[in-house]
Structures are given as C-alpha cells and as structure tokens.
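Residue-level structural notes
Residues per chain are reported as follows:
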Amino acid sequence: MFTGLVEEVGELRSIRRQGEAMVLTIHAAKVLEGVQLGDSISVNGVCLTVISFDSRSFSVDVMPETYRLSTLHALNQGDTVNLERAMQAGGRFGGHIVQGHVDGTGRIAGRSRDANAVVFTIELDDREQLRHILPKGSITVDGISLTVVGTTDTGFSVSIIPHTLAETALQRRQTGDSVNIECDIIGKYVDHLLHFKGRNDEAAASAPKSALTEQYLAEHGFI
C-alpha cells in the first residue's frame, strides 16, 4: 500500500530483458534506507518487489502481465522514475490509498501554464476507465497522488503545483509521453458491487438483494 507521495526520483541504470520479462536496476538513495529483500517499492506507480540491492541501487522483477499493462516496457537506460516505499502504519497518510496496481495507461495530450501551476491533459488508452474518474476525485499518475481538475469524453486533466513538478519525474514528461494510471480504489469497489453478476445466474437470482444500489448512493450524496 502506498500514498502517492513520491519520495524521490531514481534513475534507471540497467534493463535486462527476456521476452516480456525484465529486471530493472534503479539508482536511488532515500528509498534504500532500511530496505530489505522482498520489500515493495512503487516505480512510476507500479508496485514491484526488491530482489537485490546495494548501497546505491536496487533491482526488481517485472513479469509479463506488468510489462503489458504498464509503461515500464518503454523505459530506457537513463530514464527517471518516481519512487515510493510502502507506507508505514504509523506514518502520515498525506495522499490517498494507492495499491500500485496499474489500471491502464494514458498519453499526455497537453501541458499548459496556469499561474504557478502546470495543467496536464491526459487522454486514456482505455476510455472505460472514465467510469472511475470524477472531477475533484483522486487519481494516480505515474505513482503521484493527484486531484482530478476535470474530465472529458476521452480523458482528464490535473493541475500540478511547483513542488510536485520539481520533486517528481513529471517535470520531464512532455506531450506524447505515456503514463501509468491507477484509479481510486474506493470508486472501483463501489462500481464492482453495483454491477457484479456472478457466473451462476440461478444462485444470483435466489440470493438476497443488496440494499446498496446506485439510487441509494445518489440519494445519500455518494455519487
């Protein structure tokens, strides 16, 4: 579990590829403090497991499923990546609940100034994700906890303050670059509960009806 508050920007030192599997070695400092084998570290919003480390870097496995569903496959040696260690139970929860389980990818369609902020417009590769994205809701872009400014029929926009831009790899992202997207987990679970249909239609028909309906949520201000 993560909060989406990036701790540092690391640099990709090497990539070992074998088909759709990879081992990434990343230069870092802060996230190595107290690191142990098997620890989880978010790399551009993807939860990965430390398989080896030394005083200046750590290595992680990327399995085919992650390779196919995230932007990690497009990384090159020397690229910068956002890094965050798994959250501690006693720490401050400054972002939102982030699993590090990428829902899909998007493309930066625009980058513009708005006073002291920079607004990024992102077009989704899979527009079905829009059902889980709403204005003023939480969204994770390359592991960064952000607030949705607005949505369109094809994507959404976020406004980045100077500190976030300076302390993350987002400062180097330009129009056309791809990013990892993780939607708010609460919205995904609510949507699942509202629309899930079991494989056994007979059992589903005889099961008690849930009081959790879209009408109920609307009447009580949830949607």
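Placed above this text is the structure.
The notes below deal with the structure included here.

Taken in spatial order, the 6 strands of this closed barrel run β7-β8-β11-β10-β9-β12, and their pairing is antiparallel. Ignoring which end each strand starts from, the neighbouring axes of this sheet average 45° apart. Looking at chain direction, strand β9 (residues 138-141) and strand β10 (residues 144-151) are connected through 4 bridges and run antiparallel. Residue pairing across strands places Ile-139 opposite Leu-146, the latter belonging to β10.

When strand β3 (residues 40-43) meets strand β4 (residues 46-53), the two strands line up antiparallel, connected through 4 bridges. Pairing of Ser-42 across the sheet is with Cys-47, part of β4. With antiparallel pairing between neighbouring strands as the criterion, β3 and β4 make up a hairpin whose turn holds 2 residues, including Asn-44 at a positive phi of roughly 50°. The sheet contact formed by β4 and strand β5 (residues 57-62) spans 3 bridges and is antiparallel. Directly across from Phe-53, in β5, lies its bridge partner Phe-58. Linkage of β4 to β5, two consecutive antiparallel strands, is achieved through a turn of 3 residues.

Moving on, we come to the nonpolar core. Of all hydrophobic cores here, the largest spans 22 residues; its most connected members are Leu-24, Ile-26, Val-43, Phe-58, Leu-72 and Leu-83. Sorting the residues of this core by element identifies β2 (21-27), β3, β4, β5 and β6 (80-85) as the ones contributing at least two each. Excluding residues that lie within four positions of it along the chain, Val-43 makes contacts with Ile-26, Leu-48, Phe-58, Leu-72, Val-81, Asn-82 and Leu-83. Judged by nonpolar contacts, the second largest core, of 21 residues, contains Ile-144, Val-148, Leu-165 and Ile-181.

This paragraph deals with the sheet that holds β3. Where strands meet in a sheet, backbone hydrogen bonds hold them as pairs that are either parallel or antiparallel. On the basis of which strands lie adjacent, the closed barrel formed by 6 strands has the order β1-β2-β5-β4-β3-β6 and antiparallel pairing. On average, adjacent strands in this sheet sit at an angle of 45° to one another, irrespective of strand direction.

What follows is about the environment of Gly-95. Along the chain, the position of Gly-95 falls in the loop between β6 and β7 (104-114). Along the chain, Gly-95 and Ser-138 lie 43 residues apart, while their C-alpha atoms are 8.8 Å from each other. Excluding residues within four positions of it along the chain, Gly-95 makes contact with Thr-3, Leu-5 and Ser-145.

Next up on the list: helix α3 (residues 185-195). Restricting attention to buried positions, one finds in α3 the residues Ile-185, Lys-188 and Asp-191. Summarising the axial view, the buried residues of α3 lie within an arc of 130°, below the 170-degree limit, and thus occupy one face. Residues of α3 that are exposed and point over 90 degrees away from its buried face: Ile-186, Tyr-189 and Leu-193.

Moving on: the pattern of salt bridges. One pass over the structure, following the stated rule, counts 7 salt bridges. Here Glu-128 makes a salt bridge to Arg-131, at a shortest N to O gap of 3.7 Å. Residue class for Arg-131 comes out partly exposed when judged on its relative accessible area of 48%. As a salt-bridge pair, Arg-131 and Asp-191 come within 3.0 Å of each other at their nearest N and O atoms. Placement of the pair is Arg-131 in the loop between β8 (117-124) and β9 and Asp-191 in helix α3, with a sequence separation of 60 residues. Relative accessible area serves as the criterion here: at 16%, Asp-191 is assigned to the buried category. Members of the salt-bridge network, linked through shared partners, are Glu-20, Glu-65 and Arg-68.

What counts, and where the lines are drawn
Residues numbered from 1 in each chain as written. Predicted model: local features only at pLDDT ≥ 70, side-chain atom pairs only at ≥ 80, totals over all residues. Heavy atoms only, no water. Pairing = 2+ DSSP bridges. Helix = DSSP H or I, 4+ residues; strand = E, 2+ residues; numbered from the N terminus. Axes fitted to C-alpha atoms, helices over the stretch in contact; angles between N-to-C directions. Core = buried A, V, L, I, M, F, W, Y, C linked by side-chain atoms within 4.5 Å. Buried < 20%, exposed > 50% of the residue type's maximum accessible area, 1.4 Å probe, protein only. Contact = heavy atoms within 4.5 Å. Arc of directions from axis to C-beta. Salt bridge = Lys/Arg side-chain N within 4 Å of Asp/Glu carboxyl O.

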